[in-house]
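Residue-level structure breakdown
If you want the building blocks of each chain, they are given just below.
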Amino acid sequence: MSVNAELAAAFGEIAKLIEILGQDKFRAIAHDKASRIIEAYPTDLKTIVAGSGADARKRLTEIEGVGPKIADKIIEYCTKGRVQELDELRAEVPAGLLPLMQIPGLGPKTLHALWKEGGVKDLAGLKKAIESGRILELPRMGEKSVQKLKESIALAEQGETRLPLGMAMPIAEAIVAKLRSAKGVERIAFAGSLRRGKETIGDIDILVSTSDPDAVGAVFRGADDVVQVISAGETRSSVRVRIGGDAGRWGALQEGQAGPSIQVDLKIIPEASWGAALYYFTGSKDHNVAVRQRSLDRGWTLNEYGLFEDDGKAEPHKRGLKPIASRTEDDIFKALGLPFIPPELRENRGELSLKSTPRLVEVGDVRAELHAHTTESDGELIIEELAREAKHRGFHTIAVTDHSKSSVIAGGLTPERLREHIKAVRAADAWIEGISILPGSEVDILSDGSLDYDDELLAQLDVVVASPHAALSQDPATATRRLLRAIEHPMVHIIGHPTGRLINRRAGLAPDMAELFAAAKAHNVAMEINAHWMRLDLRDHHVRAAVEAGCLIAIDCDVHAVDDFDCLRYGVMTGRRGWLPPEQCINTWDKKKLHAWLRSKR
DNA sequence: GCCGTTTTCGGCCCGACTGTTTTCAGTCG
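Residues numbered from 1 in each chain as written. Chains lettered and ligands numbered in written order. Predicted model: local features only at pLDDT ≥ 70, side-chain atom pairs only at ≥ 80, totals over all residues. Heavy atoms only, no water.

**Details of the domain arrangement of chain A**
What the domain assignment reports for chain A is domain 1 (3-92), domain 2 (98-156), domain 3 (163-244 + 261-269), domain 4 (275-353) and domain 5 (363-599). Taking only C-alpha atoms, the centre of domain 3 and the centre of domain 4 are 23 Å apart. If you look at the interface, domain 3 gives 13 residues, while domain 4 gives 12 residues. Of the roughly 1,000 Å² buried at the junction of domain 3 and domain 4 (both faces included), carbon and sulfur atoms supply 55%. The largest share of the area that domain 3 buries against domain 4 comes from Arg195, Arg196 and Leu207, three residues that together contribute 60% of it. Linking domain 3 with domain 4 are three salt bridges. The partner of arginine 236 in a salt bridge is glutamate 304, with the nearest N and O atoms 2.7 Å apart. (Domains from an automatic or database assignment. Contact = heavy atoms within 4.5 Å. Buried area = accessible area lost by both parts, 1.4 Å probe. Salt bridge = Lys/Arg side-chain N within 4 Å of Asp/Glu carboxyl O.)

As structure tokens, this is what we get:
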């Protein structure tokens, strides 16, 4: 884990412990906010602390959400490897209490009461209190609450994690398609983190405007794959929907992973408030808080029904007030003096300072796939099928990059087999028209940073994607040296899935990204966003740092089967979340420019 | 604990739903 991730975890835990203890909730919010900002902060905080000496505190407080106290704790962690305050809080709160925060419906207030008044210290204690009925003696705890709590515990015990984007998206699209045909439905869309393209999704938000709320609610709650109705109100319903366990070539989901169901929320929206609701429910939370503050500064208040004059009283929409803007997101942005901000940017990471809508990479910009496998290693398609599919998708170039010899399990090619394969690819390129088929390889970056083929063989390949596949638990310093060596290799075009992480499965390497991006720029190497939804590697905040460092980005689907081409949109969303403009993404270049760039390495 | 073109103190987004209550606290997003 990187220092930033460790610090983010520490501040997140401090926030939770403060909440459980019932101390100042704004202090908890401040730590929670700092946690989220540090998690996504592009520069290694340890570098800042080590590099700025006595100025460290000043440098750190320049980070939004980091004040003097948090800065001191960052310095303490970077120099001493611990945060004393966290140790003290841990000593106060029983260790088994913290995980109970994950149980839906169990918040800090209830947990505090369970602990202090009910003597509950962990999950076993909680179950005992429920069985004995003692729990009913606590304030605001009745039969129904206990029943819900029992169901929530059962869910939590299945090991709930956030669902990968590529699993949530098809579920959301299926629900949208189903509800679209319900009686009275006028508009329907999904919002939330799914619309923002986050790599994992906590729950799916569906928005509907309709002349018949009861009908759409009934269809929604009555669907075959609904396993639980959590709530059913006039304007909101929540259910849990069963999910499939197919995780592509990484096999079925393991027991206790990703859980068997995901929460889906349906919101019924008045047609006149469509834009305000879509904006509100798209989030993120941090973006919404910031934009609301901006509204208040201008004497307005923003809620899911629209932008209103702020008369100091709550719920303006219920008092017949006419909104300043509400019909479209555009109307609201205009009223607030903002350009349209693409959903992927709405994370309160500088997007509110934009003067115009940035041109970010789009799926339609991508004209080349530079990372694809055939049956020669672990792919399902032969060269011709791969080429025809790429052509069908409107690409001008497809690179055939089968695995190298060390990836034994993936059927990696020996030098002899690779030489034959190159001939086969060149032959296919000669007779298949309308697309360039380039011989390449996804070459293993071995644990010491050397490549899996010698230079003489690499020189015969038009495209070299160098990727780490093994030794993915190296320490950050070793991983940095390893990847730097590959970047510096004169034959390498692209660093494939640079960290090797698998979402919800494997953390992967934690190299110093800033160092890698600087080297990639200097050596004219593109860093890959591997678009497969189990990878999305580089991840969004890496891309942001890479874009700012001025280094080239490749978005590749790492194609093993026809359907993998469909992952492109997830890679593009990740690129957009990293503020990636099309010209910095080599897959958007026209054939002449791309091929000239590839040849410049030969 | 953070933050500041009306503030260095006094704020900190806003509403729906539920279950427990006789008016609202807790949780969630």
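**Topic: the pairing of strand S8 (residues 300-303)**
Because side chains alternate across S8, one face comprises the buried residues Trp300 and Leu302, and the other comprises Thr301 and Asn303, equally buried. Relative to strand S9 (residues 306-309), S8 runs antiparallel, the two sharing four bridges. Paired with asparagine 303 across the two strands is glycine 306, which belongs to S9. In this antiparallel pair of consecutive strands, S8 and S9, the connection spans two residues. (Buried < 20%, exposed > 50% of the residue type's maximum accessible area, 1.4 Å probe, protein only. Helix = DSSP H or I, 4+ residues; strand = E, 2+ residues; numbered from the N terminus. Pairing = 2+ DSSP bridges.)

**Structural notes on the packing of aromatic side chains**
Inspection of every chain in the model, using the stated rule, returns five aromatic pairs. Between tyrosine 279 and phenylalanine 333, the aromatic rings sit 4.9 Å apart at their centres with planes inclined by 55°, giving tilted as the arrangement. Placement of the pair is tyrosine 279 in helix H13 (residues 274-282) and phenylalanine 333 in helix H15 (residues 329-335), with a sequence separation of 54 residues. Judged on exposure class, the residue tyrosine 279 and its partner phenylalanine 333 are both buried. Taken together, a centroid distance of 4.9 Å and an interplanar angle of 85° make the contact between tyrosine 280 and phenylalanine 281 edge-to-face. On the basis of relative accessible area, tyrosine 280 is assigned to the partly exposed category, the value being 27%. A network of ring pairs unites the aromatic residues Tyr279, Phe333 and Phe340 as a single cluster. Over the ring of tryptophan 115 we find lysine 116, and its NZ or CZ is 4.1 Å from the ring centre. A cation over an aromatic ring shows up here: lysine 593 above the ring of tryptophan 589, its NZ or CZ 4.5 Å from the ring centre. (Phe/Tyr/Trp six-rings, centres within 6.5 Å; stacked < 30°, edge-to-face > 60°. Lys NZ or Arg CZ within 6 Å of the ring centre and 35° of its normal.)

**Observations regarding the pattern of salt bridges**
Counted under the stated rule, the structure contains 35 salt bridges. With a shortest N-O distance of 2.9 Å, glutamate 344 and arginine 576 are connected by a salt bridge. Taken together, the residues glutamate 344 in the loop between H15 and strand S10 (368-369) and arginine 576 in helix H22 (residues 568-577) connect sequence positions 232 residues apart. Of the residues examined, glutamate 344 reaches a relative accessible area of 8% and is grouped as buried. The residue arginine 485 makes a salt bridge to aspartate 448 at a minimum N-O spacing of 3.7 Å. Placement of arginine 485 in helix H19 (residues 476-488) and of aspartate 448 in the loop between strand S12 (436-444) and helix H18 (455-458) is noted, with a sequence separation of 37 residues between them. Accessibility expressed as a relative area gives 42% for arginine 485, which makes it partly exposed. Judged by its relative accessible area of 46%, aspartate 448 falls in the partly exposed class. One salt-bridge network, in which partners are shared between bridges, spans Arg196, Glu347, Asp540 and Arg577.

**A look at the protein's contact with DNA strand B**
As a matter of local geometry, DNA strand B sits amid 50 residues, with Gly105, Thr110, Arg140, Gly142 and Arg292 nearest to it. Counted by atom, the contact set of DNA strand B within 4 Å of the protein is 73% sugar and phosphate. Contact distances for DNA strand B include 3.4 Å between a phosphate oxygen and a side-chain N or O atom of arginine 27. Taking glycine 67, its main chain carries an N or O atom lying 2.8 Å from a phosphate oxygen of DNA strand B. The residue makeup of the surface near DNA strand B, split by class, is 16 nonpolar, 14 polar and 20 charged. (Near = heavy atom within 4 Å. Polar contact = N/O pair within 3.5 Å; in protein donor to acceptor, adjacent residues only side chain to side chain. Nonpolar A, V, L, I, M, F, W, Y, C, P; charged D, E, K, R; others polar.)

**Structural notes on the packing of helix H10 (residues 165-180) against H22**
For the pair H10 and H22, the least separation of the axes is 10 Å and the interaxial angle reads 110°. Classified by the interaxial angle, the pair formed by H10 and H22 is roughly perpendicular. Classified by chirality, the crossing of H22 by H10 is right-handed. Each of Leu165, Gly166, Met169, Pro170 and Glu173 in H10 lies in contact with H22, whose residues at this interface are Arg569, Tyr570 and Met573. Counted by class, the contact of H10 with H22 contains five nonpolar, one polar and two charged residues. (Axes fitted to C-alpha atoms, helices over the stretch in contact; angles between N-to-C directions. Parallel < 35°, antiparallel > 145°, perpendicular 65-115°, else oblique. Left-handed = near helix turned anticlockwise from the far one by under 90°.)

**Quick word on the sheet that holds strand S13 (residues 463-467)**
Pairing is parallel across the open sheet formed by seven strands, whose spatial order is S10-S11-S12-S13-S14-S15-S16. Bordering the open sheet on either side are S10 and strand S16 (553-556), each of which pairs with just one other strand. Taken together, the seven bridges between strand S11 (residues 397-403) and S12 define a ladder with parallel strand orientation. Its bridge partner being in S12, alanine 399 is matched across the sheet by leucine 438. Most of the contacts of helix H23 (residues 591-599) go to S12, to which it runs at about 40°, and overall it touches S10, S11, S12, S13 and strand S15 (526-530).

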